[in-house]
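Analysis of the macromolecular model
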Amino acid sequence: MDDCIVFDVNKTLTEYAVDPSQIATPEAPSALVDCEGDPDSLTPALINSELNPVVDAVAESPDAITRSSNFDTIQFLLKNSAQIPLATLSKILDLVVSALSAEVDIAHADLEADEQDTIQHHKQLLEVLAFLLRWALEAIETASLQRPAIAPVKGRGKGAKAKAGTARDGDWDATAQLQVALSVIVKTFKLRLARIFVTSTEQNTFISMLTDPIYTLLDNEVRMKEKIFRMNCWRPLNIAVKHHGHGSAAQTHVVQKVCYYEHLAEPMAECLQILDNEYDHRQLTESVLEELSKKQFDSNDPKGPKFVSNFLARISALLPHVVIKQMTLLQSFLESESYTLRCALIEVVGYLIEDLSKKPEDERSETRKAQILDFYYVLERRFLDLNPYCRSKVMQVYVKLCDLENFPSKKRMFAAALAAESLEDKSSNVRRNAISLLEKLVRTHPYPYFKGMLKREEWTEQLELCEAQINELKPPAELQERTASDEPTVDQSLLEDATQADHASPEKPKHPSEMSEAEQAAAIQKQQEDIQNATKVKMLENFKKVYRDGLKFIGIIEDSAEVVKTLLSSKNKSEVQQAMEFFKIIHTYRISNAVSGIKRMLRLIWTKGNSDEGKGVQERLITCYETLFFTPPPDRTQEEATSFVVLNMISLTYGTTPAELTSLEQLLSTMMKKGIVAQRVIQKLWQVYGYQKKATSKTQRRGAIMVLGMLALADPNIIVQEMETCLRIGLGELGRRDLAMARYTCIALRRISAPPGKQFTGAALTQIARLPNDHAILVRLAAMCDIASDSKEWFGVAEQAISAIYVLAKHPDVLCSEILRRKTKYVFSPHVQARPTSSGSDVEMRSPDAEDLVHGDEGDQPEQQPEQLPPAKEQNSALALSQLLFIVGHVAIKQIVHLELCELEFKRRKAEKEKKAPPRESSVMPANTPPVKRGRKKTPANDTTVATEADELDLMAGTTEDDFTEALAGIRERELLYGEHSLLTNFGAMVRDICSNNTSYNNSTLQAQAALCLAKLMCVSSDYCDANLDLLLTILARSKDPVVRSNLVVALGDMAVCFNHLIDDKINYLYERLKDRDPSVKRTCLMTLTFLILAGQVKVKGQLADMAKCIEDGDKKIADMARMFFTELSTKDNAVYNQFVDMFSVLSADRDLDEDAFRRIVKFIAGFIEKDKHAKQLSKKLADRLPRAQNERQWNDAAYALGLLQHKDEEIAKVVAEGYKVIQTT
């Protein structure tokens, strides 16, 4: 029999720590030793032939492991573990684990039997098995981490078989075996080891041999993701800490793992939680926290603080009662340079507040309440942290604390105020979290009154009522008891010789025994009433306090909403989405200014959807509106739900600006395309619009047709199917009474045909054919222009009616000619009174068939309806002439658009025909060109639009596109305003005469419409424009009406596009309007110039300085628009760089411009100079100005601009320094 080994555990562990491969194995089998230098010869068959006998021997008795040959065989294989298969390592691990398990059972039995003689033997055997188990576990873990990289390798030829075994090893998973080994370690630790290992050193050595491999296993991130494996690792470690004095060593390992392994930060916190909950041991946790609090981190090591932060946050969530005891040490992290540690402490404080607040009331002593307040103070200070991540973390913690039932009301209010201030933070992340916190505060507000709603009017009304009730119950001021402080002070010297008053002192109250029964009853009743009144007053005082707090909170939210409204324009899309969610929430709680924010959100429908963020903004906007206005309460019936949605949609049109209506139109049409608007909602809208009883208000009927017109952008059949209703209501008697509704009806009818360049989706992919001039719709639209009315709303009706005619009519010029003739006769022919506004007066102008069609379904109208009409009155002649001029100008503009559409239609048909025609026919086309060209020259002006007919366009198939375009340009230039047969010819001179003689024609409306008509006619012909340009500029400069000036500014912009050669020399007159005294004119001018410059329609010289001054305009909209202009201009090729010097010269020379304002403007513009080359060139140009500076202000301006540019020129820096010194001495 082999000799037994003499095992010195300390010596062996030392050798193992130095180099395991150098451990001597003299008794190892020679067959294995011979193969030590040749790994390929260590075949599985050879290994098994030597290992199997060892396995059999140990299976019979664990003592067999102490034989020299068996022990060295295992040691030899373990030290060559890198060259042997994983299956062999698995077999060795099974061998050692089974031997250890058997030995533990034997040792336990002997200890129970009190066999003292066997203790030394068990001690040695346990040490041997523990050492081998450690080696085996670490070898398997090392091999499993290395082998997968080799496993997938595939090969052919000689090495294929050799690599096949390796590939099979790569598929092997040792997790199950490792878990068995861990369970055996737990079994071992349940022994009474103190009886086996006498000294603590021996016991610690033995414990470390079994725990060290566990710590090695923890480094495997993949295995640590499995909860079962983690639990199996924690059990032996926790038992060792609890029962075998492993706390000190565990502390070192835990701190090391937390600081250097990211994946172990949170699992280690879980381990300590189990140690506390199941083993009632928290000393290790406290020691770890204490050691971490003293740890100093290198500023170049960002990972360490991050890992520790994760651990602290997790351990505070799991064991807040332990962490709170160490807060005096951990609070030093609040002053750490690492923001991650500060963030962790902020989160820790949040968990501690949550834990303290959830304790029962009887357990929360005054000390703990004070702790809670102290922790809130810590969080409040962190709102001012230098790092934005810390400021954001504070608000994230507060969001969680809002769910606490006993969140102190004062702290809640203070948090709301701090969050409101944070809305103006420089960091978008902080602003976004501030919005989120305010939203959460609104959701969880503690005020149960008014069903939780926060409408200011209701709260104010209730507060006033409460104060009135208190005043009624309180006794008068003269009867109230005065406190010592309320008593007036009297100089004692005045009382020295005071005489006695003649009247007697007041009677003292009677004693109850002296009162009669009636007096006693009255006294008792009075006393009870006083008690009841005092109770009511106290209750009302409490209500009063709640109402005041509620109003204060409402005020904070309302003020915040104004700031959040500006954040809807943020470049950060996630911030925009959070702002939209905020307005959705406060609108639900009826905050008063939420409606303005909801309307402001509408413009986000135009967010560019090219990126995921842009699409996300649009989708969030649609979701918000769907939730607020299209989702009825769940307890409504289908009819009630439909009415709810319809009323909400109509309410969206109330009090909206034209820009908001345009955005709402885009939003509703998009929602219609997505199928969000149900068919029954559309039917209900038609019911509201078509209902003729007084129950339907004007605003509701207007809103219904506005919404229907918006939805028709997505589906024109909505209008097509209800044209009869439009004729009967909007273009009928009700429309004549309500011109605004008639206007929106005309807009809705325009939706029947797709706008130019657009096509409907869905069922209406093809454009609807144009209608004949005698169609009922067109007849009634033309009649709307004949209404005699002094209302300014007439102009809007006429504008939309003419626009609808040009969209729908087959020959719109013919129909508009008739309108002009009738209106001209009406204005200039003598008549006693204006044409009545009733529908009966217009019958003679329409064909009988059309009249019958329109009024065919009006038999159910009340017969007394004509009696309700106001009596006809004579129309103001100046207003009638104004209306005529408006029609003239609008028809002229629409005729130009019509000609352009004819050109597009011609090109489209020609392109389609060329695609279908054989190639050989293309050579024949030019032969037909001359006759057609000659024919076009002879076409009279009133027949120009005949080209829209399909047959005539087909006849012109041989005409080239250039010839057709030239012909239309000739018609526009020479025929429309100067042709013998053109009606517009008669008005050009008249309009000029009215505008020139503003004293003779001194009606303000007439002058405004004449100027507008003049501007529109000038956009038709360059000759007419050239002849009247000076007159137009004179009106622009002298007119006192800001509307006239705004209209002419827009007209000049249009002329700059049409006739650039005429306007280019006069462009300064347009820039002058940037200095207009009226903000609306300035805004219009800035928008016009923005378009012209960015589109390249005008040449920019030195005038950009005037636009730069708008950056400092008092009107925020103008300032924002100017900033947007320069931001867009910077995207053009070097545009800001090319104009920088000219802008600087003009701004610096302007003595009316404040120096601070000048610096802010230059700083903003200089921010767009990003290229180093441009910065250096501008620096040289500005540096040349320094010696030529005539005064200190000019020098300071140039020096300031140089400081903004990123140049590295020492000579320039020297000149700046010398110049500054010269100025200082003077």
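Residues numbered from 1 in each chain as written. Predicted model: local features only at pLDDT ≥ 70, side-chain atom pairs only at ≥ 80, totals over all residues. Heavy atoms only, no water.

Heads up, the condition is: UniProt positions are given in the numbering used here, feature names are shortened, and annotations may be inferred rather than shown by experiment.
Per an unreviewed UniProt entry, the protein is named Condensin complex subunit 1, and its organism is Amniculicola lignicola CBS 123094. On record in UniProt, under Sequence similarities (unreviewed entry), the comment for the protein is "Belongs to the CND1 (condensin subunit 1) family."

**Here we look at the packing of aromatic side chains**
Operational definition: A pair of aromatic rings is counted whenever rings of Phe, Tyr or Trp (Trp by its six-membered ring) have centres within 6.5 Å, and the orientation is called stacked for planes under 30 degrees apart, edge-to-face for over 60 and tilted otherwise. The way it works is that DSSP assigns letters per residue, a run of H or I at least four long becomes a helix, a run of E at least two long becomes a strand, and they are numbered from the N terminus. Relative accessibility under 20% of the residue-type maximum defines a buried residue, over 50% an exposed one, and the middle range a partly exposed one, all with a 1.4 Å probe and only protein chains included.
With the rule as written, the count across this model stands at 28 aromatic pairs. Ring centres 5.3 Å apart and planes at 40° place the aromatic pair Tyr 625 and Phe 629 in the tilted group. Here Phe 629 and Tyr 625 lie together in helix α28 (residues 612-629), a separation of 4 residues that amounts to about one turn. Here the two residues Tyr 625 and Phe 629 agree in accessibility, since each one is buried. An angle of 70° between the planes, with centres 6.3 Å apart, marks the rings of Trp 794 and Phe 886 as edge-to-face.

**Description of helix α26 (residues 573-588)**
Worth spelling out the cut-off: Given the number of residues in a helix, its expected span is that number minus one, multiplied by 1.5 Å.
Over its 16 residues, α26 extends 23 Å from the first C-alpha to the last, a length consistent with the 22 Å expected when each residue adds 1.5 Å. In terms of burial, α26 is largely enclosed, as 12 of its 16 residues are buried. Within α26, the full set of buried residues consists of Glu 575, Val 576, Gln 577, Gln 578, Ala 579, Met 580, Glu 581, Phe 582, Phe 583, Lys 584, Ile 585 and Ile 586. Positive backbone phi, approximately 65°, marks Arg 590, located one or two places after α26.

**Some remarks on the pattern of salt bridges**
Quick reminder of the rule: For this document, the term salt bridge refers to a Lys or Arg side-chain nitrogen within 4 Å of an Asp or Glu carboxyl oxygen.
Enumeration according to the criterion identifies 52 salt bridges in this entry. Of the charged contacts in the structure, one is a salt bridge between Lys 393 and Glu 347, with a shortest N-O distance of 3.6 Å. Residue Lys 393 is located in helix α21 (residues 388-401), and its partner Glu 347 is located in helix α19 (residues 339-358); the two are separated by 46 residues in the primary sequence. Each member of the pair Lys 393 and Glu 347 is classed as buried. Across the pair Glu 439 and Arg 443 runs a salt bridge, and its minimum N-O distance is 3.4 Å. Here Arg 443 and Glu 439 lie together in helix α23 (residues 428-443), a separation of 4 residues that amounts to about one turn. Taking the relative accessible area as the measure of exposure, Arg 443 reaches 41% and is therefore partly exposed. When salt bridges that share partners are traced, they join Glu 439, Arg 443, Glu 581, Lys 584 and Arg 620 into one network.

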